Amino acid sequence: MNNDQITRRESLKRVIGLSIALSAAGMPAFANTPVRGIGTDPNLLKKEIPWPLVLTDAEMKTVKVLGDIMIPADENGPEASAVGVPDFINEWVSAPYEQQQGDLKVIRQGLAWLDTESQKRFSRKYADAAPEQQTAILDDIVKQGTDARKQAYTFFKLFRDRAAGGYYSTPAGWKAIGYVGNTPMAEFPGPPPEVLKHLGLA
Amino acid sequence: MPLITPRKSATNYDVIVVGSGAGGGMAAYVLTQQGLRVLMLEAGRNYEPPSETAMFQNNSDAPLRGTPTPDKPFGFFDATVNGGWKVPGEPYMIQRKGSQAWEEASDWEARKTNQSFMWWRPRMLGGRNNHWGRISLRMGPYDFKPKSRDGLGLDWPFEYKDMEPWYDKTEALVGVYGDNQGLENTPDSLNGTLQPPPKPRAHEMLIRRGAQRIGIPVIPSHMAILTKPINGRAACFYATPCGRGCAIGANFQSTTVLLPPAMATGKLDIMTDAMVREVTLGKDGKATGVLYIDKQTGKEERAVARVVVLAASGCESARILLNSKSNLFPNGLANGSGKVGRYLMDSVGSNLGGHIPALENCPPHNADGTSSMHVYTPWWLYQEQLAGKLGFARGYHIEIGGGRHMPEMGVSVKDGNIYGKKFKDEARRYYGSSVSFSGRGEMIPNDDCYCEIDPEKKDKWGIPVLRFHWKWSDHEKKQAVHMQQTFAAIIEAMGGKPGRPETDPEKAIMGGGTVIHEVGTTCMGENPMNSVLNQWAQAWEVPNVFVTDGGPFVSNADKNPTLSIMALCMRSCTYLAEEMRKGNIG
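Scoring rules and cut-offs
Residues numbered from 1 in each chain as written. Chains lettered and ligands numbered in written order. Predicted model: local features only at pLDDT ≥ 70, side-chain atom pairs only at ≥ 80, totals over all residues. Heavy atoms only, no water. Helix = DSSP H or I, 4+ residues; strand = E, 2+ residues; numbered from the N terminus. Buried < 20%, exposed > 50% of the residue type's maximum accessible area, 1.4 Å probe, protein only. Contact = heavy atoms within 4.5 Å. Areas by Shrake-Rupley, 256 points an atom, 1.4 Å probe, with all protein chains shown as cover. 1 Å grid on protein atoms, 1.4 Å probe; cavity = no way out; pocket = protein on both sides within 12 Å on 5 of 7 lines; lining within 4 Å. Points joined across faces, edges and corners; volume = space filled by probe spheres on them. pLDDT = per-residue confidence, 0-100. Buried area = accessible area lost by both parts, 1.4 Å probe. Salt bridge = Lys/Arg side-chain N within 4 Å of Asp/Glu carboxyl O. Polar contact = N/O pair within 3.5 Å; in protein donor to acceptor, adjacent residues only side chain to side chain. Nonpolar A, V, L, I, M, F, W, Y, C, P; charged D, E, K, R; others polar. Axes fitted to C-alpha atoms, helices over the stretch in contact; angles between N-to-C directions. Parallel < 35°, antiparallel > 145°, perpendicular 65-115°, else oblique. Pairing = 2+ DSSP bridges. Core = buried A, V, L, I, M, F, W, Y, C linked by side-chain atoms within 4.5 Å. Phe/Tyr/Trp six-rings, centres within 6.5 Å; stacked < 30°, edge-to-face > 60°. Lys NZ or Arg CZ within 6 Å of the ring centre and 35° of its normal.

Moving on, we get to the overall build of chain A. A count of helical and extended segments in chain A gives eight helices and zero strands. When each of the 202 residues of chain A is scored for burial, the buried share is 50%. Across chain A, the fraction of contacts at a sequence separation of at least 24, relative to all contacts at a separation of at least 6, is 56%. Carbon and sulfur atoms make up 55% of the accessible area of chain A, which amounts to about 9,800 Å² in all.

Using a probe with the size of a water molecule, rolled over the atoms, empty space left in the structure can be pinpointed. Residue and element names in this part refer to chain B. One pass over the full model with this rule turns up six cavities of 30 Å³ or more. Estimated volume of the second largest cavity: approximately 110 Å³. Looking at the second largest cavity, it is lined by 14 residues, and the ones nearest its centre are Asp143, Arg149, Tyr382, Arg394 and Glu442. Only helix 3 (141–144), helix 4 (146–150) and helix 9 (382–386) provide two or more residues apiece to the lining of the second largest cavity. Element by element, the count of residues in the lining of the second largest cavity is highest for helix 4, at three residues.

Inspection of the secondary structure puts Glu426(B) in helix 10 (residues 421–430). Glu426(B) has contacts with Val413(B) and Ile418(B), leaving out every residue within four places of it along the chain.

All right, on to the confidence of the model for chain A then. For any part of a model where pLDDT is low, the fine detail of the predicted coordinates should not be relied upon. On average, residues of chain A score 88 in pLDDT, and 83% of them reach the 70 mark or higher. Predicted confidence is poor over residues 1–31 of chain A, with pLDDT under 50, and the contacts of this stretch with residues over four places away or in other chains come to 34 contacts.

On the side of chain B, 84 residues touch chain A, which itself brings 82 residues to the contact. Summed over both sides, the interface between chain A and chain B buries roughly 6,600 Å², with carbon and sulfur atoms accounting for 59% of that surface. The largest contributions to the chain A side of the interface with chain B come from Thr40(A), Leu44(A) and Phe188(A), which together make up 12% of the buried area. Lys421(B) serves as the salt-bridge partner of Glu75(A), at 2.9 Å between the closest nitrogen and oxygen. For the interface between chain A and chain B, the tally reads 33 residue pairs in polar contact (both at pLDDT 80 or more). Those elements that place two or more of their residues in the side of chain A that touches chain B are helix 1 (3–24), helix 2 (57–70), helix 3 (85–94), helix 5 (131–141), helix 6 (147–168), helix 7 (171–177) and helix 8 (193–198) of chain A. Take the side of chain A that touches chain B: its biggest share by element is 12 residues, from helix 6 of chain A. Tallied by class, the residues present in the side of chain A that touches chain B amount to 43 nonpolar, 20 polar and 19 charged.

Before going further, it helps to examine the packing of helix 2 of chain A against helix 4 (residues 98–122) of chain A. All names here are of chain A. Two elements in contact, helix 2 and helix 4, have axes separated by 10 Å at closest approach and are oriented at 85°. Taken together, helix 2 and helix 4 sit at an angle that is classed as roughly perpendicular. Counted together, Glu59, Thr62, Val63 and Leu66 of helix 2 and Arg108, Leu111, Leu114 and Asp115 of helix 4 form the full contact between these two elements. Tallied by class, the residues present in the contact of helix 2 with helix 4 amount to four nonpolar, one polar and three charged.

This part covers the sheet that holds strand 10 (residues 348–355) of chain B. Residues and elements named next belong to chain B. Read across the sheet, six strands follow the order 5-11-12-13-10-16 without closing on themselves; strand pairing throughout is antiparallel. Unpaired on one side and paired on the other, strand 5 (219–220) and strand 16 (497–498) mark the two borders of the sheet. Helix 11 (residues 474–493) rests against strand 10, strand 12 (396–402), strand 13 (434–441) and strand 16 of the sheet, and its axis sits at about 20° to strand 10.

Bringing the confidence of the model for chain B into the picture now. On average, residues of chain B carry a pLDDT of 97, and 100% of them reach 70 or more. Predicted as a complex, the structure gets a pTM of 0.94 and an ipTM equal to 0.94.

Turning next to the nonpolar core. All names here are of chain B. Counting 149 residues, the largest nonpolar core has Leu31, Val290 and Phe437 as its most contacted members. No other element matches helix 13 (residues 562–582), which puts 12 residues into this core. Ignoring any residue separated from it by four or fewer positions in sequence, one finds Leu31 in contact with Val15, Val17, Leu36, Val38, Val309, Cys573, Leu576 and Ala577.

Further remarks concern the packing of aromatic side chains. Scanning the entire structure with this criterion turns up 33 aromatic pairs over all chains. Judged by centre distance (6.4 Å) and plane angle (40°), the ring pair of Phe144(B) and Tyr160(B) falls under tilted. Highlighted residues: Phe144(B) in helix 3 and Tyr160(B) in helix 5 (residues 160–174), separated in sequence by 16 residues. Phe144(B) sits in the buried class, given a relative accessible area of 0%. When its relative accessible area of 9% is taken as the criterion, Tyr160(B) is described as buried. Each member of the aromatic cluster is reached from another via a ring pair, and the members are Tyr92(B), Phe117(B), Trp119(B), Phe468(B), Trp470(B) and Trp472(B). If you follow Arg149(A) out to its NZ or CZ, it ends over the ring of Tyr153(A), 4.2 Å from the centre. Sitting over the face of the ring of Trp166(B), Lys169(B) holds its NZ or CZ atom 4.4 Å from the ring centroid.

Residue and element names in this part refer to chain A. Where helix 2 meets helix 5, the closest approach of the two axes is 11 Å, and the angle between their N-to-C directions is 70°. Relative to helix 5, the element helix 2 is oriented roughly perpendicular. Side by side, helix 2 and helix 5 meet where Val65, Leu66 and Ile69 of the first sit next to Gln134, Thr135 and Leu138 of the second. Among the residues making up the contact of helix 2 with helix 5, the classes are represented as four nonpolar, two polar and no charged.

Residue and element names in this part refer to chain B. Burial of strand 8 (residues 287–294) is extensive: seven of the eight residues sit out of reach of the surface. Bridge count for strand 7 (residues 274–281) against strand 8 is seven bridges, and the pairing is antiparallel. Following the sheet pairing, Val279 is matched in strand 8 by Val290. Counted between consecutive antiparallel strands, the loop separating strand 7 from strand 8 contains five residues, among which Gly285 sits at a positive phi close to 80°. Bridge count between strand 8 and strand 9 (residues 299–310): six bridges; the pairing is antiparallel. The residue of strand 9 that forms the bridge with Ile293 is Glu300.

Right under this line is the structure:
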């Protein structure tokens, strides 16, 4: 079989398939720039992000600051930006799928809200505010009954969970959460004695 | 897999096998071992597990951390090529909740579907057998004679004891771990055949303790995964998910276990990207071969053989028969009974999870294991059910989930109001403290569940497509509610907090097709008036046409169908080879 030929044919098919899918979902079909999704037959051994990244430098600055506040360095692992979470967030919200496009809307609006709120309170953008000012805004968002909560909680929760997904799915994140594995073993030993003791099964 | 070059079929095949998964792979294996010359036609592309499988890649090696997308609905690394709930350019027709109109299936998330039916198809050598769940449960004596036992559904044209030796042979070839417990309608395997089951994980031990407190058995699962090497295949190394496929052949896939020895006989030609449209018929009323579309050229081609074995999957084989119209068979080949497409069945599915405080803050340890469950619960209420105490007629088994998996996008904590160090501490505390239960139950065939050819719609190759009619009966819906109650009871017996068990039968049951156990549509039987195939999976009306996928099933026990598809195929193809040798077929 001529694999090169298949690849070209497949990729053309994917572009067509995608724009049809997007129009059907009421999404902009990216008429001028061809945007590809992952495709139905990607090379699984090679990570390729075929879509352009959409967040601006200013947005990315806020993403980095916010991500590191949400997931700071501690004794179990580094901060979010040390394992590429900001780039992952950009990769995620730029993807040409309905869920991710929905997240883009929430995250864009949320990032803009943070700047507006920070300007209003501290006369500077969120990323440039002092650490205690940055957390003051987040603390208002997580407090019941505040305007900040009304306006930005959806964003807060979404951003936190996407950042956590991006963080804990890296080897450094495994260590931080306590995942041990993905390594070949000759025998499966079952849970070790300290686990059995913890569970009252010893 | 090496393919025939040039892409041209020979003129002296004994058998054409359509499809390359559990049924097609096993057919090619058996027939070539018997010395027959076989052409295998696969609608998808060639696929090479040793070089294409992502084994140790972690989720950050994938776009979007491997998360499911409409392009790869079971996640980036899932061993499904060019397919899933939709296949590009190859639609099927469904009805949406609240509408009578027929439309193209478009949903890609089974849990959110409003479609009357979901149909999972890949387009690759080995088909769904590359990513399947590897759960390998034998059907038992009750399962072959359900109508005789409770008056519902249909009986198979043979008994468990007729199938037993074929299960023995299939398990020996496939390699299945598990053990023999002697439980009711949960057959033991031939002594010495099963591989040692792996030790249970921490959450599985807790589940076993909790379930046993309320009288529910939890025993080693039966999985098509090697724990000891056999036939030159390595044993599992207890890492990486089986759904990605297995580059070392430790779990069972047609592409790693059945096709290589079939190729080694020198009797097998494989052509991929060959989409069969119809079975061709001679003037004598016997099949002469097939018409297929060469997807690389878009041209219609013809292949000839003495016998045609359809193993394109339940529904897809029915589609081929229904599209094979002639003066002799105006309603589709071998469809004088009108039963082609009828008695479509899936498994009943219902899931519930819960939180187990005892699993919080568990010391980190490796719980990968074989990636699949190490223990499960077989149906345990046969007698209560027969006595009419349950309000539904058939049983289910319980598949167990949970544990300390490689983290995916779903990592989060319950408290939505925390961030920073506190969030990280909570994530660590709660990681691995959830368990989940999936019921997989028997559906009784009914007149409202079937597929037929859509009168208008064609796929991009010009082949008329299927449309699906679907309606669960009360037996299935009540069973799903029972599952919810049982799962909640087990979680509570573990000292945990279940999610809200669903009491509305319509919501408790997952949609038709979503468990991907669709069988039926070319049913076997004892009478040509009301069945398509005889007990050898041979078409009553066209003796040189066989069907060896899930199509011949006349009941769909709670035992996942793949093992039975293969055992049944082995039985049918051994018969076919003998009859050809005797000159009775072809």
